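If you want the building blocks of each chain, they are given just below.
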Amino acid sequence: MNIRKILADSINEKIENINYEDLIVESISSDKGDYCLPCFSLAKILKKNPNQIALDLASNIKKSDYIEKVEVVQGYINFFLNIDRVSKDVLKEIMSSSAQTEGKGKVVCIDYGSPNLAKYLHIGHLKTLIIGESLCRLFEMFGYTVKRLNFVGDYGTPFGKIIGGIQLFGSMQEVEKRGNDALQDYYVKFNQLEEKDEKYSQMARDIFKKIEQKDEKIYPMYKKIVEISLSDAIEKFKLLGVEFDDYRGEMYYNQFVPQLVERLKKLNLLTISQGAQIVDLSAYDMPPALILKSDGTTLYASRDLSASIIRYQNYKFDKMIYLTAVEQDLHFKQWFKVAQLMKGEYASMLEHVAYGRFSLPDGKISSRRGKQAVLVDLIDYVLAKAKDVIKDRKFEIENPIDVAKKVSRAVLNFSVLKVERGKDCVFDVEKAFSFEGETAPYMQYTYTRIESIIRKFNESFADAIDSDCDYKCFNIDAFAIVKMLNDFILDCKQALIKRDPSFVAKRVMDLCKAFNKFYTSTKVLLGEKAEINAKMYLLKVLKKVLKQGFDLICIDCLKEM
Ligand code: ARG
């Protein structure tokens, strides 16, 4: 129900070019009504003082069943809603609402969580994986067809180094046995050699050349390394509840770069600079986009550009979103510009979405395996903590391991999603487990409480409850929930438009807090039957919305906790 529109329409006197709906906001406290229209911005246009404008507009308001009364206070028109009527309509509407259809028939591709293979996933990957997954779910909620794409980094001299490392001090048997650990060791050791002696850089380049030429000895090693490392990454993604439709990455799309170069040549976009082939972007205040190095090898930008062309042929997307750390801003700006200059019809559908840094407080988790903390170490640490927390609960939990897994995943995911996408965040593991603060366990626990109240109710009152409800008993705390529930879809819309799931995360948290406030102030199972029915119906709708919200922010609902 669009409450703002109902209120805006109730004002009979219209002002040219002003849409009251855009001005109406929630009141800050209940004595100032439920919603209000501040008239300050109108003062300039009407050349009257705001309070006079408020009085004039309020004197001519259409009667509506939804509006209880209207008051003017210091330049504000305060609207008090009819709790009974609004609650009845809002709850019924949400309970019977069907799926959103605005994205029907449209395809959105999201490229996220794309690691460089043969290295450990680090904690920064959590951001792209979780924000990406949440965005996918948001698009799906609005009816879009979503393709989850992982552009794996399986190309470049690092693979030359790893194979060099294997040749110098390892074996493929070791790689098969120890997987990514072995690959990482060889990589680190090889880098140490290279630091001392430049000849190893040449060795890595030579080996990589052989990979490109599909050398019969080297290429199978490379393939095996990619296979082992990709399945390791997929396993880690699964721990976080993320799975992709398409894992074709840099190596795959590299084969289409010659086609791309031909097209660029035809369009007269290529110039040669110090032997390299570039697209000059000085007219757009950007450094040139490098397409081919002087030795003819491709670059990250050329592979991304060729992938976009092929992906468009494959998926006919209406939107292609790339989710990466903000550091890659220029990379995307550059090659998006080249796509535009090539007049690809899809160029306007490309979009880069960037996120801020994710870090741990110093010394929390030792980064024993390199510069950045490794993602599985964090996952393991949080899981161990979840197990401890669950052990301390007073009652028996049927499947503690499963619950611990779901709690730990929720803790990780919420720590990412509660923060505005573009902002940096530091993940404080201790705080994230508190049942009191704004945490994932608090939310999951709230959900189990709602479930158990509904269960209890169903035991004692077997009849249907959506008819025969008396909403007049709703206090401000109950009505606060109603209003939030009504706004939920707007928050999701906002999250979708801004590509920022934190709008949903915040609302889901607010709903949990609102429930707990309501539950403290209200005896839910007390009163006339029609009153209890109304309160139960509210909880049922709340449960429905929370379930949807939890799913959007990748948090599992629990039966007990
Ligand atoms: N593999 C890259 C990295 O780890 C991210 C890839 C993002 N996707 C893309 N199409 N460029 O930095």
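Preceding this section is the structure that the text describes.
Here goes a summary of the coordinates provided. Just so it is clear, the model here is predicted, and its values are computed rather than measured.

So, about the overall build of the protein chain. Of the regular secondary structure elements, the protein chain holds 21 helices and 13 strands. In terms of its C-alpha atoms, the protein chain occupies a principal-axis envelope of roughly 85 × 65 × 40 Å. Buried residues in the protein chain amount to 52% of all 561 residues. Considering only contacts in the protein chain between residues 6 or more positions apart, those separated by 24 or more positions represent 73%. Working note: accessible area of the protein chain is about 26,900 Å², and carbon and sulfur atoms make up 49% of it. Each charge sign in the protein chain was given a centre, from 84 positive and 79 negative side chains, and these centres are 1 Å apart.

This paragraph deals with the pattern of salt bridges. As enumerated under the stated definition, the model contains 39 salt bridges in all. Notably, a salt bridge pairs lysine 333 with aspartate 329, separated by 3.7 Å at the nearest N-O pair. In this pair, lysine 333 and aspartate 329 are both assigned in helix 14 (residues 329-341), 4 residues apart and thus about one turn of the helix distant. When its relative accessible area of 29% is taken as the criterion, aspartate 329 is described as partly exposed. In this structure, aspartate 556 engages arginine 409 in a salt bridge whose closest nitrogen and oxygen atoms are separated by 2.9 Å. Taken together, the residues span a long stretch of sequence, with aspartate 556 in the segment after helix 21 (529-552) and arginine 409 in helix 16 (residues 400-417) at a distance of 147 residues. Assessed through its relative accessible area of 22%, arginine 409 is described here as partly exposed. Each of Arg4, Glu26, Asp487, Asp491 and Arg507 takes part in a single network of salt bridges with overlapping partners.

Let's shift gears to the side chain of serine 306. Within the secondary structure, serine 306 sits in helix 13 (residues 300-315). Serine 306 gets classed as buried once you look at its relative accessible area, which sits at 2%. When residues no more than four places from it in sequence are discounted, the contact partners of serine 306 are Tyr253, Phe256, Val257 and Leu260.

With 23 residues, helix 19 (residues 476-498) should reach 33 Å at 1.5 Å per residue; the first-to-last C-alpha distance of 31 Å fits that figure. Within helix 19, the axis deviates most sharply at phenylalanine 488, by approximately 40 degrees.

Across the sheet, which stays open at both edges, the 4 strands sit in the order 1-2-4-3 with antiparallel pairing between neighbours. Of all the strands in the sheet, just strand 1 (25-26) and strand 3 (67-73) have a single pairing partner and so form its edges. Pairing between strand 2 (residues 35-38) and strand 4 (residues 76-81): 4 bridges, direction antiparallel. Bridging from a neighbouring strand, proline 38 pairs with tyrosine 76 of strand 4. Each of strand 1, strand 2, strand 3 and strand 4 touches helix 1 (residues 3-10); the most contacted strand, strand 4, lies at about 120 degrees to it.

Our focus in this paragraph is the packing of aromatic side chains. Counted under the stated rule, the structure contains 27 aromatic pairs. Consider the rings of phenylalanine 244 and tyrosine 247, whose centres lie 5.6 Å apart with planes at 65 degrees: the pair is edge-to-face. For phenylalanine 244, a relative accessible area of 8% gives the class buried. When the centroid spacing of 5.3 Å and the interplanar angle of 20 degrees are considered together, the rings of phenylalanine 515 and tyrosine 519 count as stacked. Taken together, the residues span about one helical turn, with phenylalanine 515 and tyrosine 519 both in helix 20 (residues 502-521) at a distance of 4 residues. Sitting over the face of the ring of phenylalanine 80, lysine 69 holds its NZ or CZ atom 4.4 Å from the ring centroid. The aromatic ring of tyrosine 312 is capped on one face by lysine 316, whose charged end is 4.5 Å from the ring centroid.

As a matter of local geometry, the ligand sits amid Asp111, Ser114, Pro115, Asn116, Phe151, Tyr300, Asp304, Tyr322, Thr324, Gln328 and Phe332. Aspartate 111 is positioned such that a nitrogen or oxygen atom in its side chain is 2.8 Å from a nitrogen atom of the ligand. Contacts to the ligand include glutamine 328, whose side-chain N or O atom sits 2.8 Å from an oxygen atom. Protein contacts shield 86% of the accessible area of the ligand, which totals 350 Å² for the unbound molecule.

What follows is about the nonpolar core. In terms of nonpolar packing, the biggest core is built from 151 residues, with Phe427, Met443, Leu485 and Leu539 touching the most fellow members. Ranked by the residues each element gives to this core, the list is headed by helix 21, at 12 residues. Discounting residues that sit within four places of it in the chain, leucine 539 has contacts with Ile450, Ile453, Ile454, Phe515, Phe518 and Val524. Of all hydrophobic cores here, the second largest spans 33 residues; its members include Leu269, Met286, Leu292 and Met342.

Tracing the backbone shows methionine 509 in helix 20. For the pair methionine 509 and glycine 549, spaced 40 residues apart in sequence, the C-alpha separation works out to 9.6 Å. Leave out the neighbours within four places in its chain, and methionine 509 touches Phe414, Glu438, Thr439, Tyr442 and Met443.

Moving on to the sheet that holds strand 7 (residues 270-273). The antiparallel open sheet is built from 3 strands, whose spatial order is 7-8-9. Each having just a single partner strand, strand 7 and strand 9 (289-292) make up the two edges of the open sheet. Looking at each pair of strands side by side, their axes are set apart by 45 degrees on average, direction ignored. When strand 7 meets strand 8 (residues 276-279), the two strands line up antiparallel, connected through 4 bridges. Looking at strand 8, one finds that threonine 271 is bridged to isoleucine 278.

Their axes nearest at 10 Å, the elements helix 20 and helix 21 cross at an angle of 150 degrees. Of the possible angle classes, the one that applies to helix 20 and helix 21 is roughly antiparallel. In the packing of helix 20 onto helix 21, the handedness of the crossing is left-handed. Side by side, helix 20 and helix 21 meet where Val504, Val508, Leu511, Cys512, Phe515 and Phe518 of the first sit next to Lys535, Leu538, Leu539, Leu542, Val545, Leu546, Gly549, Phe550 and Leu552 of the second. Here the residues of the contact of helix 20 with helix 21 are counted per class, giving 13 nonpolar, 1 polar and 1 charged.

Turning next to the side chain of threonine 128. On the secondary structure map, threonine 128 appears in helix 6 (residues 124-141). Under the relative-accessibility criterion, threonine 128 is labelled buried at 3%. In this structure the side chain of threonine 128 is engaged in a polar contact, spanning 3.3 Å, whose partner is the backbone oxygen of leucine 323. Setting aside residues no more than four positions away along its own chain, threonine 128 makes contact with Tyr112, Gly113, Glu133, Leu323 and Tyr355.

Cut-offs used in this document
Residues numbered from 1 in each chain as written. Predicted model: local features only at pLDDT ≥ 70, side-chain atom pairs only at ≥ 80, totals over all residues. Heavy atoms only, no water. Helix = DSSP H or I, 4+ residues; strand = E, 2+ residues; numbered from the N terminus. Buried < 20%, exposed > 50% of the residue type's maximum accessible area, 1.4 Å probe, protein only. Contact = heavy atoms within 4.5 Å. Areas by Shrake-Rupley, 256 points an atom, 1.4 Å probe, with all protein chains shown as cover. Lys, Arg positive; Asp, Glu negative; His and termini not counted. Charge placed at Lys NZ, Arg CZ, Asp CG, Glu CD. Salt bridge = Lys/Arg side-chain N within 4 Å of Asp/Glu carboxyl O. Expected span 1.5 Å × (residues − 1). Bend = angle between axes of the 7 residues up to and from the residue. Pairing = 2+ DSSP bridges. Axes fitted to C-alpha atoms, helices over the stretch in contact; angles between N-to-C directions. Phe/Tyr/Trp six-rings, centres within 6.5 Å; stacked < 30°, edge-to-face > 60°. Lys NZ or Arg CZ within 6 Å of the ring centre and 35° of its normal. Near = heavy atom within 4 Å. Polar contact = N/O pair within 3.5 Å; in protein donor to acceptor, adjacent residues only side chain to side chain. Core = buried A, V, L, I, M, F, W, Y, C linked by side-chain atoms within 4.5 Å. Parallel < 35°, antiparallel > 145°, perpendicular 65-115°, else oblique. Left-handed = near helix turned anticlockwise from the far one by under 90°. Nonpolar A, V, L, I, M, F, W, Y, C, P; charged D, E, K, R; others polar.

Structural measurements only, silent on function.
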